[in-house]
Structures are given as C-alpha cells and as structure tokens.
Amino acid sequence: MIRTPLNVGWSASPAVGFFEAYAAGAPTPRPVHLPHDLLRHEERSPGGTPHTAYFPSATVQYMTHLDIAADAQSRRHVLEFDGVYRDAMVYVNGELAGQCANGYTRFHVPLDPYLRYGASNEIKVVSRTHDDSRWYTGVGIHREVALLTGPLVHLGVDGVQITTPDIDGDRAMVAVATAVINESAVTRTVTVHTRLLDPGGEEVVADSAPVTVLPGDHHVLRQRLRIPSPMLWDTERPSLYTADVALTDEDARDHSRVQFGIRSLQLDPVAGLRINGRAVKLRGACVHHDNGVLGAAAVRRAEERRIEILKAAGFNAVRSAHNPMSTAMLDACDRLGMLVMDETFDAWTRSKTSDDYSLRFSPWWERDVEAMVRKDINHPSVIMYSIGNEVTEAGTGIGARWGRLIAERIRALDPSRFITNAINPVLAVAEAMARSRAGAAAESVENDPNAALGRMDEMMKQMLVSDETARMTAESFAILDVAGLNYAEARYTLDAEQFPHRVIVGTETFPSAIAENWELISRLDHVIGEFTWTGWDYLGETGLGRVNYVPEQKGSSAPYPWLTAWCGDVDITGQRRPISHYRERVFGQANTPYIAVQRPSRHGEPSTTSGWSWSDTVAAWSWGEHPGTATTVEVYSTAPEVELLLNGHSLGRRPAGEANRFLARFEVEWTPGEITALEWHGERSGTRATLRTAGPDVRIAARADRAELVADDGDLAYIDISLEDGDGIIATHVNARASVTVTGSGVLEGLGSADPEFTGRFDDSEVHTFDGRALAVIRPTGPGSITVEVTTVEHGSVRVGLIVERPSPEHQR
C-alpha cells in the first residue's frame, strides 16, 4: 500500500471524560507535530516516583482530521501507528476503530468502516501513562504515523518481506515474499512486478509473475532473484539495496518500496558470531527510548543522531531496552551499520511496578511479537531478538514454557535471526530461594532489584555461580540460540564447562567492569560480546549511576529534583562522558591518552557508588577553586606507562595499559595553566593529551550540527551552546542562564542541559548551563532560513544561521 506520512496537523491535550468535560469544560488543545510526547510539558514534583523522573501520570488525547474524497470508496485506508504510549484507543468519527495495549508496538487501524466519504473525518487517539514502568515513558503518539492507501486488490500491510538465505562469493539469492490481498467481490488476476536496485539506484534484476486471488484471499507470491557480485551489508560497509514492488491489472495499481541488506549470520560456541563469515564481538550499548530534551519523541533525526554518536564512540551494536525499537532508529542502524538486538518485554506475567505490562501480557503478547517481527524483518541491522528482560519467571518451568511460546512464535515468523533472553540468574531464582530458605539477600532482590544488584554481596555472588541456580535456569536457557546474561560475567567461564554448547552474550553489564569483562570476552570464544548499561543517559531511574555524597540517601534512586539515571556513556545532550573515552581505549578503538579530572570541590568527601557508577570526572582544567586545591587526575591509556606534567613540570609516572585496567591516577594540586599526559613505551615516549584552563574573557558560543536542513517532518538541528574563551576552551567552572529565540522557518523544539538534577523545563526558552554547556533543538517548519540567537546577561550573545531546503523527490520516498 502507498504510505503517506501523517505527522502534521494534530492537536493534543489532557483527556477528560464526557461528564468531566460537561461540568468543567474541555482543556484547550495545543497544536503539535508528531512524533510528540505530551508528558514532557507537565510539571515534575516530589510526589512523583524516581523511576519516572518525578513526572506525573497522565491521560491524553490527540486529534486530527482526514479529508477523504467522495470517490475513494473503492480504495482501502489504514492508519499506521509506530508507537503510542500506552493503552491507545483510536476513534474515528467518535467510534472505537482500534486499540493497542503496548506503548511500543506498531499497529494498524482499518478506517473504511467508519469513514464519511466526501467529508472531513475526525481521528482521536487517547492514551495514558500510570505507575506502569521502571523508567520514564512519556505519553502520547511518540512515534510516527502514516496513512496507508490502496485499491481493493492491494499489497498487504508490511506485505513485502525479504531474506537472503543463500550467499556465496559471486552471487546472492534474494527471497522476496509479497502478500496480495483481495477485498473486492470478484476474482482477480494481477501481476506483481519486482525490481531490485543496487545501492546506487541501478536495477540489477527484475521479475514479474501473475497472482490469482478470490474474494477474501490473502496469498503470498515468492520470488527467488539472483544478484551477481553482491555488495554485502556489514558494520563497516552498510550497503543497502531496494526492492521496488508494483501490483497491476486493468483496474488496480499498488506499489511498495523497501530497503534491505545482503548479509549472512552464523553462530557457534567455537567460532562465535560471524557476519558474512567474519568473526564479530559485540561492543554493545543498551539504550532506552527517550531522546532527552525531546522527551520520548522518536523524531527521525534524533534517532539517527544517537546512532551516529554511539558509533563514533566505538559501539557496533545497540540493544533496545526494554521494548521494540522505533522504525526510525532501525532505519538509522541500517544506514550507519549498527547491529541491533530488538527486545520484546520488560515483564511477562509477574509485575515489577503496580500497573506494568504484566497486566496485559497474556492476551496481547502474540500480537506484540508478530508486529515486532513484521517491522524488523527487512532490516539487516537486526541480528537478534530478545524475548524479555530480567523476567523472574525464568527460574521456573512454567516461566520457561512462556519463553518457549514466545521464541517459537518468533521462529515461525522469522527463522533467519537468533533469539536470546536477558536473564539475570539471581533474580530468576531469588523468589524461589526466598520461599525455601528465607534468605535476606533474596528478599532484598525481590523488593529492590537495582539496590540489591548494586551491593552484590557475597550471598548473591554465591547464588550466581551455584549449581542450584544453573539447574533452575537451564530450561529457560535451553530455549535460546544465545544465552543472555545480565550482570553475570561470573558464569562466563563456568558455563563453558557445564554447558559446552552454550553461546553467551552479556545483555547487561556494569560500566565500571568493562576492562575485566572485555578481557573475558576477547579470550572466550563462546562469549560474543556485551551491552553496557547504558550507552546513553536517560530520564528516570534517577541517580542510578551517581556518585553519592549524601550519606542519608540510601538505595539506588536519588530524590527530587533528580531527573536522569546518570549512568550513560553519553549524556542526554549527546556529549560523551569520560567513561565513554575510557571504554574506547579498552575496546582498542583509540590509541591516545585521555585526561579526566575529579571535581576538586568534592575531593576527599565520603561517597558511595554502585556498579553503574563511574568517577565524578570532567575532561577539563578550568575550576573555580583556589590554586592549590587538591584533586585527582585520571588518565586512560593503552600504553604501559603515563607521565603527568603540570605547566611543563613532571609529576611522575604511573603504570597504565591493560595490566592496570587502562587507568592511572595522580593526586594533584590544581593550578591554572595546562596539564599534559604523555604515554611511555619503555624509554620511548608516545602520544600526549593536554587540558588547558579557560581564559577570563568567557563568551557564549553556539554551533549547529548541520548548517542545512530539509523541510520535512523528521529533520532537526542540534545547537550546542557553550561558555568558552577566545581559544574555544570551555569554561566548565562558569555557568549562566541563556535565553534562546528562533526566527524564520523554524521553532525551538527542546532546550535543556545534561544536569542530572535539572530543574528547568524542556519546553522553556531559557536554560541554565551545566559544566558550561546546554543544548537547543530546532525543528524546521518549511523552506527558507532560520536564525537562532542565544543571549546571556554577562557573556554576550551569538547567532547561528540555518538554511532549510525543500525535500527532493528521492528524499520524500
């Protein structure tokens, strides 16, 4: 069917019932541009919960109108929602036309039974968020919407599915399965024309075949097409082909274009994971679905930018934790060469919060799984499906049965990819052990999983490696192609002995353990990689990765006004934190030293950390303390030894490199000027890195990630705002309130900073910088020019100009 984006012309407001509206009046709606998160506009308060970042619950409604021509009765109309959070109910002209319980599942709503042809039709979508998640979810139509149209005999929705089951050195056989549906009252014979285009848009092979369909038939045409000398898709060269499929007869025409990649997957415990015959270790990042200052809105450019930054940081894989990934992000992964583990559920039948998806899992899981596979099947980036995350049922036989049902349903739909389950062995057996032995540690796991895992006391370690745990989880692991282990690297070597046919991936790992974990992964063939928690900081689970300087704050969650988990390699504005640069050196992706400085204002203070924490460091030598204030300097290096120099004077050498976890620490008295780390390989000096103190003349600066935008519904400009001196050195010790104004063909879509205790609003036009930085996001509204002006009281103002071009015909496709 023909897909037309339907992301403009919507309004949104809190939803009220009929009697509430009658008594008090309906709330005034605001015009919105999809994807959109209405919860982002609500006030946070201490009365909220830390897992949802202290945002309130909400029930909202979105409305638009569709003009349908009077002669359109011979066509079919379907709305496609890529994701609506949550419990979405879709009304057409006041009548319920469709619904979807899962806030991340793509779903379709046939419109024709409810349409008024030759008139305007009201579309209303109602959704809600409750205490239903362990992280910030947002609320509303947070992913794209499209109108699908076609004749009565048409291609099916998601009706072109492509696999590449047979590849060798000189050709690839491409299997194209095309669904043809007859909703007319007569038998029809149509012709399906299939053309495969190479990455440059040139036709490489074509085929046509007739298909006869009776009224009500849903038939599949299967074509095997040979591509000579194929360009394979992988992480370094993500070559994408296009299938152009047309359906024709004397009365009907329908059309679909899908992209696909040609690549092979192999897996075994000796050779590990191979893509196109080449061994690959997964340098993975778990990512939640929010986009920082945009809230949960999965705008195409926002999703693409996240993948760009994560790949530049050394990652080659992402895990969508803990829900199916947006189509926009899958498209970005295809284009940029990022591998994907797409995940189904955070909960099955046992709840983790009071109103989570366990209440809807039983009647909805199969539809959710089918929708995810239909969405993913043409994406070469997707190499693995995860059927759950830390489901506590995994330690029981009944729980394993649920896992088998999900896994086998996926295999029936898509046998070409691997299946895992992110199992935490301790959580999987804790409830049963608590019942049998009243173990205090097991009870603490059940009551507060994050806090218990953060402590990881001796009893939990014993549970992790015990024969009883291995026995209780064996059935759940036996269902899988790859055993997913959360925080269970202690089992990597043990499982090679006890389960010699088991292939393992670390589906969640502590960032602080990357050096030890990567040594194991590099050495053990049956362990194919890991996914750190997390690659990108996120809203909710507040303070999970913080360095806690407040002794009375117990547990893993930080109180209001904390906003983010503060455990990502990249902060919510897209800036890489020191842990990201450390990881890059552990991965062997960087061979120069990196300097990070612990905040002098906190030096010597008692503090506590968890496995999700990294040191409280900033890559800066600009501080507001008096000269002579003590601080700790960290140097991340692959070299055996590093020397630290302060204003040209040596402060000595320290061992670094793999033997010392790639980390050297120096106790230093802060003095303005410059600090340099110099690598040493025996008596031979190597590369160096330097941090300098910002000068006194600090001005506001602003830089756009791109100077030219496209006037479509998915583009954005990201404006990095910073306080810096004349040499471009950021004054991390200086912060100011900045106001942002936008004129021309654009609007301010979001504004904020990376401050984990951010107290502002993302929809405001003013922001207080954090460590000298902030971020503005601009959305184009049409062709033309945009001027963004950033103003401060004490540090001047700056302007950034942007050009917005009309989308090309190829771009519009």
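Refer to the preceding data block for the structure.
Thresholds, definitions, all that
- Residues numbered from 1 in each chain as written.
- Predicted model: local features only at pLDDT ≥ 70, side-chain atom pairs only at ≥ 80, totals over all residues.
- Heavy atoms only, no water.
- Helix = DSSP H or I, 4+ residues; strand = E, 2+ residues; numbered from the N terminus.
- Rg over C-alpha atoms; globule rule 2.2 N^0.38 Å.
- Buried < 20%, exposed > 50% of the residue type's maximum accessible area, 1.4 Å probe, protein only.
- Contact = heavy atoms within 4.5 Å.
- Lys, Arg positive; Asp, Glu negative; His and termini not counted.
- Charge placed at Lys NZ, Arg CZ, Asp CG, Glu CD.
- Core = buried A, V, L, I, M, F, W, Y, C linked by side-chain atoms within 4.5 Å.
- Polar contact = N/O pair within 3.5 Å; in protein donor to acceptor, adjacent residues only side chain to side chain.
- Pairing = 2+ DSSP bridges.
- Axes fitted to C-alpha atoms, helices over the stretch in contact; angles between N-to-C directions.
- Parallel < 35°, antiparallel > 145°, perpendicular 65-115°, else oblique.
- Left-handed = near helix turned anticlockwise from the far one by under 90°.
- Nonpolar A, V, L, I, M, F, W, Y, C, P; charged D, E, K, R; others polar.
- Expected span 1.5 Å × (residues − 1).
- Bend = angle between axes of the 7 residues up to and from the residue.
- Phe/Tyr/Trp six-rings, centres within 6.5 Å; stacked < 30°, edge-to-face > 60°.
- Lys NZ or Arg CZ within 6 Å of the ring centre and 35° of its normal.
- Salt bridge = Lys/Arg side-chain N within 4 Å of Asp/Glu carboxyl O.

A word on the overall build of the protein
Of the regular secondary structure elements, the protein holds 14 helices and 45 strands. Computed over C-alpha atoms, the radius of gyration of the protein comes to 27 Å, within 12% of the 28 Å expected from 2.2 N^0.38 for 813 residues, which places it in the range of a compact globule. Projecting the C-alpha coordinates of the protein onto the three principal axes gives extents of approximately 90 × 65 × 60 Å. Per-residue burial over the protein gives 60% buried out of 813 residues. The contacts in the protein between residues at least 6 apart in sequence include a share of 71% that link residues at least 24 apart. Within the protein, the 109 negative side-chain charges are centred at a point lying 2 Å from the centre of the 78 positive side-chain charges.

Notes on the nonpolar core
Considering soluble globular proteins, one finds that nonpolar side chains tend to be buried as a cluster. One finds Trp10, Tyr62, Leu79, Phe81, Ile141, Leu294 and Ile721 to be the most contacted residues of the largest nonpolar core, which totals 76 residues. Apart from residues no more than four positions distant in its own chain, Leu294 is found in contact with Asp37, Arg40, Val299, Ala302, Leu716, Tyr718, Glu749, Gly750 and Val777. In terms of nonpolar packing, the next biggest core, distinct from the first, is built from 72 residues, Ile309, Trp402, Leu464 and Tyr594 among them.

Regarding the side chain of Thr248
Considering the arrangement of structural elements, one finds Thr248 in strand E16 (residues 241-248). Judged by relative accessible area, which is 17%, Thr248 ranks as buried. Here the side chain of Thr248 touches His193 through a polar contact of 3.1 Å, side chain to side chain. Sequence-distant contacts of Thr248, defined by excluding residues within four places in its chain, comprise Val190, Thr191, His193 and Arg253.

Re the pairing of strand E8 (residues 107-110)
Burial along E8 is one-sided: Phe107 and Val109 are buried, and none of His108 and Pro110, which face the opposite way, are. Across four bridges, the pairing between strand E5 (residues 75-81) and E8 is antiparallel. Paired with Leu79 across the strands is Val109, a residue of E8.

Focus: the packing of helix H2 (residues 300-312) against helix H3 (residues 327-336)
Running from amino to carboxyl end, H2 crosses H3 at an angle of 40°, the nearest separation of the two axes being 8 Å. Comparing the axis directions of H2 and H3 gives the class oblique. Handedness of the crossing formed by H2 with H3: right-handed. In this structure, H2 uses Arg300, Glu303, Glu304, Arg306, Ile307, Glu308 and Lys311 to contact H3, whose residues at the interface are Ala328, Met329, Ala332, Cys333, Arg335 and Leu336. Across the contact of H2 with H3, the residue classes tally to six nonpolar, no polar and seven charged.

Quick look at the sheet that holds strand E32 (residues 641-646)
In space, the four strands of this open sheet follow the order E33-E32-E35-E36, with antiparallel pairing throughout. Taken across any chain shown, the strands that pair with only one partner, and hence form the sheet edges, are strand E33 (649-655) and strand E36 (684-692). Taking each pair of neighbouring strands and ignoring which way they run, the sheet shows an average axis angle of 20°. Bridging between E32 and strand E35 (residues 674-681) involves six bridges; their strand directions are antiparallel. If you follow Leu644 over to E35, its bridge partner there is Ala677.

Notes on helix H4 (residues 358-376)
The terminal C-alpha atoms of H4 lie 24 Å apart, and with 19 residues this falls more than 12% below the ideal 27 Å at 1.5 Å per residue. A bend of about 75° at Trp364 is the largest found in H4.

Regarding the sheet that holds strand E38 (residues 708-710)
Strand order in the open sheet formed by five strands is E38-E45-E44-E40-E42, with mixed pairing between adjacent strands. Strand pairing shows two members of the sheet lacking a second neighbour, E38 and strand E42 (766-768), which therefore form its edges. Averaged over all pairs of adjacent strands, the angle between their axes in this sheet comes to 30°, without regard to strand direction.

Some words on the packing of aromatic side chains
Throughout the structure, instances matching the rule amount to 22 aromatic pairs. Taken together, Phe345, Trp348, Tyr357, Phe361, Trp365 and Trp402 form an aromatic cluster joined through their ring pairs. Stacked on the ring of Trp364, the Lys or Arg Arg367 has its end atom at 3.8 Å from the ring centre.

A short note on the packing of helix H12 (residues 514-523) against helix H13 (residues 578-586)
Packing of H12 against H13 brings their axes to within 10 Å, and their N-to-C directions diverge by 25°. Taken together, the axis directions place H12 and H13 in an arrangement best described as roughly parallel. The handedness of the crossing between H12 and H13 is right-handed. Contacts from Ile514, Ala515 and Trp518 of H12 reach H13 at Tyr582, Arg583 and Val586. Here the residues of the contact of H12 with H13 sort into five nonpolar, no polar and one charged.

Section: the pattern of salt bridges
Taken as a whole, this structure holds 61 salt bridges when the rule is applied. One salt bridge in this structure joins Arg491 and Asp495, with 2.8 Å as the shortest N-O distance. Here the two residues Arg491 and Asp495 agree in accessibility, since each one is buried. The partner of Glu766 in a salt bridge is Arg737, with the nearest N and O atoms 4.0 Å apart. Taken together, the residues Glu766 in strand E42 and Arg737 in strand E40 (residues 737-744) connect sequence positions 29 residues apart. Each member of the salt-bridge network shares a partner with another, and the members are Arg301, Glu304, Glu308, Arg335, Asp705, Arg706 and Asp715.

Some thoughts on the pairing of E16
Counting buried positions along E16 yields eight of eight residues, so the element is predominantly enclosed. Bridge count for strand E13 (residues 188-197) against E16 is seven bridges, and the pairing is antiparallel. Bridge pairing in E16 links Leu197 to Thr242. Turn length for the E16-strand E17 (residues 253-260) hairpin, with the two strands adjacent in sequence and antiparallel, is four residues.

Description of unusual backbone geometry
A cis amide bond links Leu34 with the next residue in sequence, Pro35, at an omega value of -5°. Relative to the assigned elements, Pro35 resides in the loop between strand E3 (30-32) and strand E4 (58-68). The omega torsion across Tyr560 and Pro561 is 15°, close enough to zero to call that bond cis. Locating Pro561 in the fold gives a position in the loop between strand E28 (527-532) and H13. The phi angle at Asn647 is positive, at roughly 50°, despite the residue not being glycine.

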